[in-house]
Every structure is written in C-alpha cells, then in structure tokens.
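Structural overview
The lines below spell out each chain.
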Amino acid sequence: MLALRSSHTVLPGLRITLGFTVLYLAVIVLVPLAGLPIRTAGMGWETFWRTITDPRVIASYELTFATAGAAACVNGLFGPIVAWVLVRYEFPGRRLVDAVIDLPFALPTAVAGITLTTLYAPGGWLGRPLAAYGLPVAFTPVGITVALVFIGLPFVVRALQPVIQDLDVEVEEAAASLGARRSQVVARIVVPYLLPAWLTGLALAFARAIGEYGSVVFIAGNMPMRTEIAPLLIITKLEQYDYDGATAIAFVMLSISFVLLLAINGLQAWSAARVSR
Amino acid sequence: MERRAGVAVTGTIARPSAARRVADPPLVRRALVGIALVFLGLFLAVPLAAVFAEALALGVRAYVAAVTEPYALAALRLTLLTAAVAVPANLVFGLCAGWAIAKFRFRGRQLLTTLIDLPFAVSPVISGLVFVLLFGRQGLLGPWLAEHDIRVIFAVPGIVLATVFVSFPFIAREVIPVMEAAGSHEEEAARLLGASGLQTFVRVTLPNIKWGVVYGVILCTARVVGEFGAVSVVSGHIRGMTNTLPLHVEILYNEYQFQAAFAVASVLTGMALVTLAVKTVAERHIR
C-alpha cells in the first residue's frame, strides 16, 4: 500500500494540471452547453412542444434522419470493401489511397459543399449525365445523401481497418484446412468478427451526419418541407431572433446525439473486448 | 505491416496449400479492388480534381487575383488569428489533460475522459448556438455586455470561442493514449535523479510523445482553419471584419463568383492535403 502510494506521488503536478483541465473544460464546454437545457426548461413545455411538432420542423428531422441513414447504408456497403482491400491486398498506389481516405476529415466542409454541388448540378461533370438518365442529384434529398456519404466515408473505413489487421489469417487458414469453403469462412468467421467495428463506424458516421451543416447546405437547395435539414432550420430561427425556437430544435438534436454517443461507447467496448480476446 | 509479413512467411513455408486456399480468388480480388477504387475515385478523387479545375477555369491571372484580393487576405488574416489562439490554447489543455489522466489515478478519471470527447457529439451549428445563447442580444449575458459595449457575437471573440469549442478534444485525445503507452517509469527515474517537475516534462515526457502532439496539433489546426457551421452562426458575415476563409468561400459562391470561390477553396484544399501528408508521417512514427 505504501509502495503503491509513493510510486504515485513521485511525479508532481497532479493538482495544477487536473485543476486547469477541469477549469478549461468547464469554461469552454460545460458552462456553454448547460445553457441549452436551461433555456429549454425556461421556455415552458407548451412552447417547446409547439416548436418541435411544427410540420416544417418534423419534415426537417425526417429528412435529416432519412438521408443520414441512407448515407450510412452506402458507407456500410462500400466501407468494408475499401477497408478489406487496403489491409489485405497489395496494389499500386495503395499507400496513397490509404492516406487520402481521411480527406473528408481534413477538407473544410464548405469546400466539400460547393465542390459536390458544382459536380452534381444539372450542368456539372456528374450532374449532366445523371440528369440525362432522369436522376437529378443536386438540390434533392439524393444530393444531401451524396454529401453525407462523403463526410461519413472515413469513419467506417478507419473503424474497420485495425480490426481487419487484427483478424488472424491463421484462423481463416484453420477453417479452410478443416474443409470450410471461402464463402463459409467469410460468413462464419470474418463477418461476425468485424460486426462490432462495422456498427461502430456506422454509428459514428450517422452521428456526424445528423449534425452536418457545411457540406450539406449548398447541395440541399433548402426548400422548406422538402430539402431543409434540421441544422439549417436552427440557423433560420436564429436569424429571425427566435432563440426559443432554435433552442428547442437544438435540444432535441443534442439529446439524440448523446444517446448515439452512449451507444457508440457501448459498441466500442464490445469491439475492444472482441479484439483483445 | 511486420506482423502481416510474418504471417505470410509462415503460411508459405509451413502450409503452402492452406495459404493458397485461404486467399480470395484472383477474380474476387480484382473485382473488390476495382469497386473500392471506383467508389473512392467518385467520392474523393473527382471532387479533389474539380476544386482545382474550377479554380483555374478562368486562367492563372484570375486565380491570383481572387486569392490576393483584399477581402480574401482579410479572411486569411482572421483565420490565422483564430488558429493562433485556438491551437495553442487547446495544446496547453491537451498536455495538462494528458499529464493528469495518463500519469495519475483519481476518482472521476473515466468521466473526465468521456467529457473531453463531448464537443465531438455536438453539431457545429449547435456549438455556435450555445455561445449565442450566452452572449447574444437576448442571451444570458447579453444585456450586461451591451451595457459595457462589449461585442462577442458577430465579432472576433465569438468566432474564436466557437472555434476553440469545436476543436477542443483533438489534441487531448491524441496525447492521452500516447502518454499512457509511454508509461511513467522514465519520468520517475528522472525525478529520483533530481530533475525538477518541469525539467522532467520537457526533457523526458515531451520527446516521448512528440509525434502524438504533432498528430493532434495537425488535426486540430485542420479543424480550426476549416470550421464553418459554428463560425457561421456567431460571425454575422461582415466582410473584412468577421469573415474567415470558409465563410469567404460561401459568400463568393452565393454571389455566383464561382471561380473566385473555388480559387479560395483551393487554398484551403492545399492546406488539407498538407494536413494529410503530415498526418501520414506522424502516424508512421507513432506506430
């Protein structure tokens, strides 16, 4: 006991570093964030309920969740293929491709927004051929989904890569030498092993997508009831000095984000338990 | 990398047939690589090319003019000023949090680690909103600020605060695991040999965690420079005054000055590419 204590007290500076950490956290994050539930509580139940059940607000929530879900599906399908290819196969330019995966993290969202809009607008590189097939992308929910696929792409790939790296080829070999077909190995060993990380990546991408603003606002078209996302509606309310309206919408969004955060923590614990086993 | 090579070697030497059977068939390999490259090409390479193509659509002279125009330079200055405050502030915080959390055990340590990640769960727009609720005209401190003629919202302090908020976790969350992995033995030895606390930190700890710090700083800088949603809420978009580079891109784009918008955007894209390059180098050193 005494040895344990002294090994911890040899290093100085706990009080000052911890004190500064907690103070900075409180001033920058906790106190400002606390204003949101306080303001929500202050506006009264009726105002709150009237705001968040307004048809225009409900339409924006529906659009936000539908497009975030659709984007998660696209990344859920292609993310594992990209991660698998990058970890397991050798091909020219693999390292460059691996580095570029993080582009959506590094690129300012406004740049992504105007670029995707220009590409998918009716006269754009990709928009023109798509429009010829009767599939307009920019200024429709499909366009919003495209932007969210871009934003969410690295989450799924980066969640899966270390787990695929960790997946022991010898386990697959053992299954194969015991007579399993490749499809059986994939279905019975690879997929179950990757499942927690895959879900974690999807949840992270989804959580990012429901709050996303910069990359979406240009391509969305922002028509009330049709292509108006919830974060934009918050800004619209603020511009009309309707602080309560903005706060009510934000409070609902923030609550959903926290539930997702808890779910992600659970998934990550599950995933970590898998890998360390 | 090393590990995979090792596996491959034992596979080929000990069980050549098993190694061959476990690999995906060449056709599947080629198909998967093809699908992955087409998907990434469509979503990453084509947009990247489009930024530069649009930026140079009217020639080099128009490009230079758009990038060196006074409002663009003012936006660049404000972006750099914001970075000059936000990155060092979050760096000091990250190092303090890292030292406290990685080197000591105390009650609430897990909770503290979770709370540091909090800004990641908050939409950029909401990150801006919370500061409007505090400092805005109808905000909690609004009347007091108005009385003393202090402007936070629609002014530089609001932009800096919102940016510090959104980039808050980046350095801490990279530094903490690297410090944890380095352990405390070297610091304890330095202390016992008579080094002061600060000497120990500068001479022993910092060299050990240097690439983790570089990694965190580069991620934080990228977010600070590129932040749009939060800054958009608190800025007021006053040209030459409260316009950062991403906001300047937005204004130009909404005025149909597409080439100028993409010219400024290409500068930000260049910064993003530098970020990716430094990040790749730092990752190699951390592993």
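Residues numbered from 1 in each chain as written. Chains lettered and ligands numbered in written order. Predicted model: local features only at pLDDT ≥ 70, side-chain atom pairs only at ≥ 80, totals over all residues.

What follows deals with the overall build of chain A. Secondary structure assignment for chain A yields 14 helices and zero strands. When its helices and strands are written in sequence order, chain A yields α-α-α-α-α-α-α-α-α-α-α-α-α-α. The C-alpha extent of chain A, read off along each of the three principal axes, is 70 × 65 × 30 Å. Taken over 277 residues, chain A has a buried fraction of 47%. Pairs at least 24 apart in sequence give 78% of the contacts found in chain A among residues at least 6 apart. (Helix = DSSP H or I, 4+ residues; strand = E, 2+ residues; numbered from the N terminus. Buried ≥ 20, exposed ≤ 12 C-beta atoms within 10 Å, placed from the backbone. Contact = placed C-beta atoms within 7 Å.)

Counting 161 residues, the largest nonpolar core has Ala147, Ile219 and Ala250 of chain A together with Leu129, Val249, Val264 and Ala265 of chain B as its most contacted members. Built from parts of two domains, this core gets at least three residues from each of domain 1 (1–55) and domain 2 (59–286) of chain B. Dropping the residues within four chain positions of it, Ala147 of chain A is found in contact with Ala112, Gly113, Leu116, Ser215, Val216 and Ile219 of chain A. (Core = buried A, V, L, I, M, F, W, Y, C linked by C-beta atoms within 7 Å. Domains from an automatic or database assignment.)

Counting residues at the interface gives 73 residues for chain A and 77 residues for chain B. If one sorts the elements of the side of chain A that touches chain B by residue count, helix H2 (residues 14–43) of chain A sits on top with 14 residues. Taken together, the residues of the side of chain A that touches chain B break down into 54 nonpolar, 13 polar and six charged. (Nonpolar A, V, L, I, M, F, W, Y, C, P; charged D, E, K, R; others polar.)

Our next topic: the environment of Pro47 of chain B. Of note, Pro47 of chain B is situated in helix H3 (residues 26–55). The exposure class of Pro47 of chain B is buried, given the 23 C-beta atoms found within 10 Å. In this structure Pro47 of chain B touches Ala112, Thr115, Leu116 and Leu119 of chain A, once residues within four positions along its chain are discounted.

Turning next to the domain arrangement of chain B. All names here are of chain B. Domain assignment breaks chain B into domain 1 (1–55) and domain 2 (59–286). Taking only C-alpha atoms, the centre of domain 1 and the centre of domain 2 are 34 Å apart. Domain 1 puts four residues into the contact, and the matching count from domain 2 is eight residues.

A few words on the environment of Ile101 of chain B. Tracing the sequence through the fold places Ile101 of chain B in helix H5 (residues 70–103). Spatially, the C-alpha atoms of Ile101 of chain B and Leu112 of chain B are 8.4 Å apart, while their sequence positions differ by 11 residues.

As a further point, take the confidence of the model for chain B. Residues and elements named next belong to chain B. Residues with a pLDDT of 70 or more make up 92% of chain B, whose mean pLDDT is 89. Contacts of residues 1–21 to residues separated by more than four positions or lying in other chains number 13 contacts, the stretch itself having pLDDT below 50. The ipTM value of the predicted complex is 0.90, and its pTM value is 0.90. (pLDDT = per-residue confidence, 0-100.)

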